[in-house]
Amino acid sequence: MASVERPPGKGFNDQIYDLLFRNYVWQSIFRTGYPNTPRNQMLVVATNVFLHLHPTRIHRTHVKITHTYCLGGLSFFMFLGLTVTGVLLMFYYVPSVERAYADIQALETNVRFGLLLRNLHRWMAHAMIILVLLHMMRVFYTGAYKPPREFNWVVGVVLFILTLLLSFTGYLLPWDQLAFWAITVGTTMVGSAPVLGDESKFLLLGGFEVGTNALIRFYTLHVIGLPLVISIFLAVHFWRVRRDGGLARPL
Amino acid sequence: MVSQAVSAVRARPRREREEEVLVWPDLVFVEFISAVVFSIALMVLSAFINAPLLDRADPNTTPNPSKAPWYFLNLQELLLHMEPAWAGVIVPTIALILLAAIPYWDRAADGQGTWFGTKHAGKITVWSFCIASLITIWLILYDGAKHVEWTEDIIRGTGLNSDFIWPTWLDWARNLRGLDTGINWSDLSFTIGPFTMFEDWRAIPLGIPGTTTDPWLLNLNFPSFLSQQIVPVATMVGLPLLLIGFTKHVLGWIQTRRDIAILIFTGFIAVFIVTTVVGQFFRGQGQELRPPWDIVVVEE
Ligand code: HEM
């Protein structure tokens, strides 16, 4: 009886909520309250630049792990992780034939968590290639390249190539025997092309064999050239997933 | 075509709201968890296994075997069986173009959005994966002359002929290069009237002298052309076609282009995996076939 007569007052929880999520600073950043109501949940996705890669709602079947196994998302996550660890590695690494190897050794022995940093970057690079391949297989076996997603499949193939190139250019940087000879083997293959083989190899290496010029070229491509290009293709890829009506669904 | 694609977009049935869930929290949660799981797994991996760092690069000492990064070992494997231009450039280029072209060839919109969407898709996948792996392994063993080794061992083992060696008249069947070195090509020239045809199979003039300086065109080395180009390329084109024909007409599993796409894509993945694994774990010094525990790298 009493509760009907009294207008509902703010409970303790509501006061805490207002304090945390309805204050001037929070609302200047996020525009919405804490996403605990459907309205706020949609608003937070629609108004946040990162979450805005998503639609606000998606079909039930697409949140099932077994539909995508999160493989595309995880490939992208690897890319982000590689960017973070890569930037940190750049603090310690100078791309010169004289210094490169010693820098890596110093990174592993003198820098706190340096070895961990390098390991993370290396294993994430391998993981990214495997994840991208698996993502491609998941897209293929779910028939998700079919109309209207033909072009996004092509963008995907370009992303796959760029992923391989990113890894390959990074492989040379430690300037150890593994790096040097792997790149020698790889670029020799390029040199065997029936047309413009020698020319492409020369362009790639900045000379006839793996040396200073090759190192600086691979480094520049690895830390800025290819990341910029892949970012553009990633943007197109994600945009197209949205534009093509979200993930593929049975007709 | 354009209008077809556009109508395919429009033709999508309108989404029923009840079938949809909110991205926050349902999807964001899944993404978050998978990111956390991966971060932890990679942290643990990196804490226990170090990235390799060998001696400083030295152009004067070549490690044997020298290997490309693992994701290019499939190409390095091809390199052992054919002309480098095919293995290193032409085959991967064509493979990538064909891969990108799949949606422009298999255009039917139905069957999308579900795993293995056609009637026989599952069977085709398993079948193609197994048969393509087996044949690739068999081809690699053949080119490694393993059948020669094993036949010799078996016949010696039976005691019938304890120093049996592979007969010279079968030299052409030792491996791919046997077609080149195991055949006495100079016996194969013949005469028509006053002309001796193919006097030298290793220098067949093709171009008009003076019009080209390309030694390949001036003097075709046919035996090497046969073993390094014709046979490998015919194998790479022919076996997939045979596989399609067999799966369609004998097994009767192929009903649409989608089925063919599944068959070939799966075969491609199988070949990719087998050649990568062989290149990574089964190639020792001089790129000889070796078991993984027998592979040592020496510097020369
Ligand atoms: C750097 C590499 C790549 C990244 C980061 C990436 C990321 C993504 C993400 C996040 C999605 C959303 C759905 C999902 O997670 O599965 C997606 C969908 C898609 N991806 Fe990728 N991708 C990459 C490479 C590729 C490759 C190599 C292909 C194919 C050759 C491809 C083709 C597609 C297609 C067709 C879709 C739409 C799938 C559908 O509608 O179900 N992507 N990608």
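Everything quoted here is computed from the prediction, not taken from an experiment.

(A) Looking closely at the overall build of chain B. Broken down by element type, chain B carries 10 helices and 7 strands. Against the globule reference of 19 Å for 300 residues, chain B gives a C-alpha radius of gyration of 26 Å, more extended than a compact globule. Nonlocal contacts in chain B, meaning residues at least 24 apart in sequence, comprise 57% of its contacts between residues at least 6 apart. Taken as a whole, chain B presents about 17,600 Å² of accessible surface, with 68% of it coming from carbon and sulfur. Computed over 20 positive and 28 negative side-chain charges, the inter-centroid distance for chain B is 11 Å.

(B) Structural view of the overall build of chain A. Regarding its fold elements, chain A presents 12 helices and 1 strand. Secondary structure of chain A in N-to-C order comes out as α-α-α-α-β-α-α-α-α-α-α-α-α. Each principal axis of the C-alpha atoms in chain A carries an extent, and together these give about 90 × 50 × 30 Å. In chain A, buried positions account for 50% of the 251 residues. Taking as baseline every contact in chain A between residues at least 6 positions apart, the subset at least 24 positions apart corresponds to 61%. Accessible area of chain A: about 13,000 Å², with a carbon and sulfur share of 69%. Averaged over its 21 positive side-chain charges, chain A has a centre that lies 14 Å from the centre of its 12 negative ones.

(C) Region of interest: the site of the ligand. Residue and element names in this part refer to chain A. In the neighbourhood of the ligand, 25 residues make up the surrounding shell, with His-135, Arg-138, Gly-156, His-237 and Ala-248 lying closest. Contact distances for the ligand include 2.9 Å between an oxygen atom and a backbone N or O atom of Ala-248. Of all the secondary structure elements, the ones that give two or more residues to the shell around the ligand are helix H6 (71-90), helix H8 (114-141), helix H9 (150-171) and helix H12 (212-243). Tallied by class, residues from the shell around the ligand come to 15 nonpolar, 8 polar and 2 charged.

(D) Just the interface of chain B and chain A, in detail. Contact residues are listed per partner, giving 83 residues for chain B and 86 residues for chain A. Summing both sides of the interface, chain B and chain A together bury roughly 8,000 Å²; the carbon and sulfur share of this comes to 70%. Counting the surface chain B buries against chain A, the share from its top three residues, Trp-24, Gln-112 and Trp-115 of chain B, is 10%. The tally of links between chain B and chain A comes to 2 salt bridges. Residue Glu-19 of chain B is joined to Arg-60 of chain A by a salt bridge in which the shortest nitrogen-to-oxygen separation is 3.1 Å.

(E) View of the pattern of salt bridges. Residues and elements named next belong to chain B. Enumeration according to the criterion identifies 11 salt bridges over all chains in this entry. Of the charged contacts, one joins Glu-152 and Arg-156 as a salt bridge, the two residues approaching to 3.5 Å between their closest N and O atoms. With Glu-152 and Arg-156 both in helix H6 (residues 146-157), this residue pair falls 4 residues apart, about one helical turn. On the basis of relative accessibility, which here comes to 14%, the residue Glu-152 falls in the buried class. Among the ionic pairs, Asp-171 bridges to Arg-174, the shortest N-O distance being 3.0 Å.

(F) Expanded view of H6 of chain A. Helix length check: H6 of chain A, at 20 residues, gives a terminal C-alpha distance of 28 Å against a target of 28 Å (1.5 Å per residue), a fit within 8%. Within H6 of chain A the residues assigned to the buried category are Leu-71, Leu-74, Ser-75, Met-78, Phe-79, Gly-81, Leu-82, Thr-85, Gly-86 and Leu-89 of chain A. Residues of H6 of chain A that are buried in the fold lie against helix H5 (65-68), helix H7 (100-110), H8 and H12 of chain A together with helix H2 (23-48) of chain B.

(G) Fine view of the domain arrangement of chain A. We note that the domain assignment places domain 1 (12-25 + 33-57) and domain 2 (68-243) within chain A. Spacing between the C-alpha centres of domain 1 of chain A and domain 2 of chain A amounts to 37 Å.

(H) Just H9 of chain A, in detail. Relative to the 32 Å expected for 22 residues at 1.5 Å per residue, H9 of chain A spans 32 Å between its end C-alpha atoms, a close match to the ideal helical length. By the criterion of burial, H9 of chain A is predominantly enclosed, with 16 of the 22 residues buried.

(I) Spatial organisation of the side chain of Gln-76 of chain B. Its place among the elements puts Gln-76 of chain B in helix H3 (residues 73-79). A distance of 3.0 Å separates a polar side-chain atom of Gln-76 of chain B from the backbone oxygen of Ser-66 of chain B. Apart from the residues lying within four places of it in its own chain, the contact partners of Gln-76 of chain B are Val-185 and Met-189 of chain A together with Ser-66, Lys-67, Ala-68 and Gln-287 of chain B.

(J) Geometry of the packing of H9 of chain A against helix H4 (residues 84-105) of chain B. One way to put it is that H9 of chain A packs onto H4 of chain B with a least axis distance of 8 Å and a crossing angle of 160 degrees. As summarised for this structure, H9 of chain A and H4 of chain B are arranged roughly antiparallel, according to the angle between their axes. In this structure, H9 of chain A meets H4 of chain B at a crossing whose hand is right-handed. Contact residues: Glu-150, Phe-151, Trp-153, Val-154, Val-157, Phe-160 and Ile-161 of chain A in H9 of chain A; Leu-96, Leu-99, Ala-100, Ile-102, Pro-103 and Tyr-104 of chain B in H4 of chain B.

(K) Examining the packing of aromatic side chains more closely. Scanning the entire structure with this criterion turns up 30 aromatic pairs over all chains. Between Tyr-141 of chain A and Phe-116 of chain B the ring centres are 5.1 Å apart and the planes differ by 40 degrees, which places this aromatic pair in the tilted class. Of this pair, Tyr-141 of chain A sits in helix H8 while Phe-116 of chain B sits in the loop between H4 and helix H5 (121-143), which puts the two residues in different chains. The partly exposed category is assigned to Phe-116 of chain B, whose relative accessible area is 33%. Consider the rings of Tyr-71 of chain B and Phe-72 of chain B, whose centres lie 5.0 Å apart with planes at 70 degrees: the pair is edge-to-face. Like Tyr-71 of chain B, the residue Phe-72 of chain B is buried in the burial classification. Members of the aromatic cluster, joined through ring pairs, are Tyr-69, Phe-140, Tyr-141, Tyr-145 and Trp-153 of chain A together with Trp-115, Phe-116 and Phe-265 of chain B. Sitting over the ring of Trp-239 of chain A, Arg-243 of chain A keeps its end group 5.0 Å from the ring centre. If you follow Arg-258 of chain B out to its NZ or CZ, it ends over the ring of Phe-140 of chain A, 5.0 Å from the centre.

(L) Highlighting the side chain of Thr-32 of chain A. Residue and element names in this part refer to chain A. You can see Thr-32 is positioned in the loop between helix H3 (24-30) and helix H4 (38-47). Note on Thr-32: relative accessible area 3%, which makes it buried. Thr-32 has contacts with Phe-21, Trp-26, Gln-27, Asn-40, Leu-43, Val-44 and Thr-47, leaving out every residue within four places of it along the chain.

(M) Structural view of empty space enclosed by the protein. Residues and elements named next belong to chain B. All chains considered together, the criterion is met by 1 cavity of 30 Å³ or more. Each pocket or cavity is described by its volume, and for the largest cavity that value is around 40 Å³. Residue lining of the largest cavity: Lys-67, Leu-73, Gln-76, Glu-77, Leu-80, Gly-279, Arg-283 and Gln-287, and that is the complete set. Examining the composition of the lining of the largest cavity, we find that 3 residues originate from one element, H3, more than from any other. For the lining of the largest cavity, a count of residues per class yields 2 nonpolar, 3 polar and 3 charged.

(N) Representation of a nonpolar patch on the surface within the structure. Together, Phe-29, Phe-32, Ile-33, Val-36, Val-37, Ile-40, Met-43, Val-44, Leu-45, Phe-48 and Ile-49 of chain B give the surface a local cluster of nonpolar side chains, amounting to about 1,000 Å² of exposed area. As for its position among the elements, Leu-45 of chain B is in helix H2.

(O) Local environment of the nonpolar core. Counting 83 residues, the largest nonpolar core has Phe-140, Trp-153 and Trp-175 of chain A together with Phe-265 of chain B as its most contacted members. For this core, the element with the highest residue contribution is H8 of chain A, accounting for 14 residues. One finds Val-44 and Leu-51 of chain A together with Val-21 and Val-28 of chain B within the second-largest nonpolar core, a separate group that totals 9 residues.

Calculation notes
Residues numbered from 1 in each chain as written. Chains lettered and ligands numbered in written order. Predicted model: local features only at pLDDT ≥ 70, side-chain atom pairs only at ≥ 80, totals over all residues. Heavy atoms only, no water. Helix = DSSP H or I, 4+ residues; strand = E, 2+ residues; numbered from the N terminus. Rg over C-alpha atoms; globule rule 2.2 N^0.38 Å. Contact = heavy atoms within 4.5 Å. Areas by Shrake-Rupley, 256 points an atom, 1.4 Å probe, with all protein chains shown as cover. Lys, Arg positive; Asp, Glu negative; His and termini not counted. Charge placed at Lys NZ, Arg CZ, Asp CG, Glu CD. Buried < 20%, exposed > 50% of the residue type's maximum accessible area, 1.4 Å probe, protein only. Near = heavy atom within 4 Å. Polar contact = N/O pair within 3.5 Å; in protein donor to acceptor, adjacent residues only side chain to side chain. Nonpolar A, V, L, I, M, F, W, Y, C, P; charged D, E, K, R; others polar. Buried area = accessible area lost by both parts, 1.4 Å probe. Salt bridge = Lys/Arg side-chain N within 4 Å of Asp/Glu carboxyl O. Expected span 1.5 Å × (residues − 1). Domains from an automatic or database assignment. Axes fitted to C-alpha atoms, helices over the stretch in contact; angles between N-to-C directions. Parallel < 35°, antiparallel > 145°, perpendicular 65-115°, else oblique. Left-handed = near helix turned anticlockwise from the far one by under 90°. Phe/Tyr/Trp six-rings, centres within 6.5 Å; stacked < 30°, edge-to-face > 60°. Lys NZ or Arg CZ within 6 Å of the ring centre and 35° of its normal. 1 Å grid on protein atoms, 1.4 Å probe; cavity = no way out; pocket = protein on both sides within 12 Å on 5 of 7 lines; lining within 4 Å. Points joined across faces, edges and corners; volume = space filled by probe spheres on them. Patch = residues over 30% accessible without salt bridge, like charges linked within 9 Å, V, L, I, M, F, W, Y side chains within 5 Å. Core = buried A, V, L, I, M, F, W, Y, C linked by side-chain atoms within 4.5 Å.

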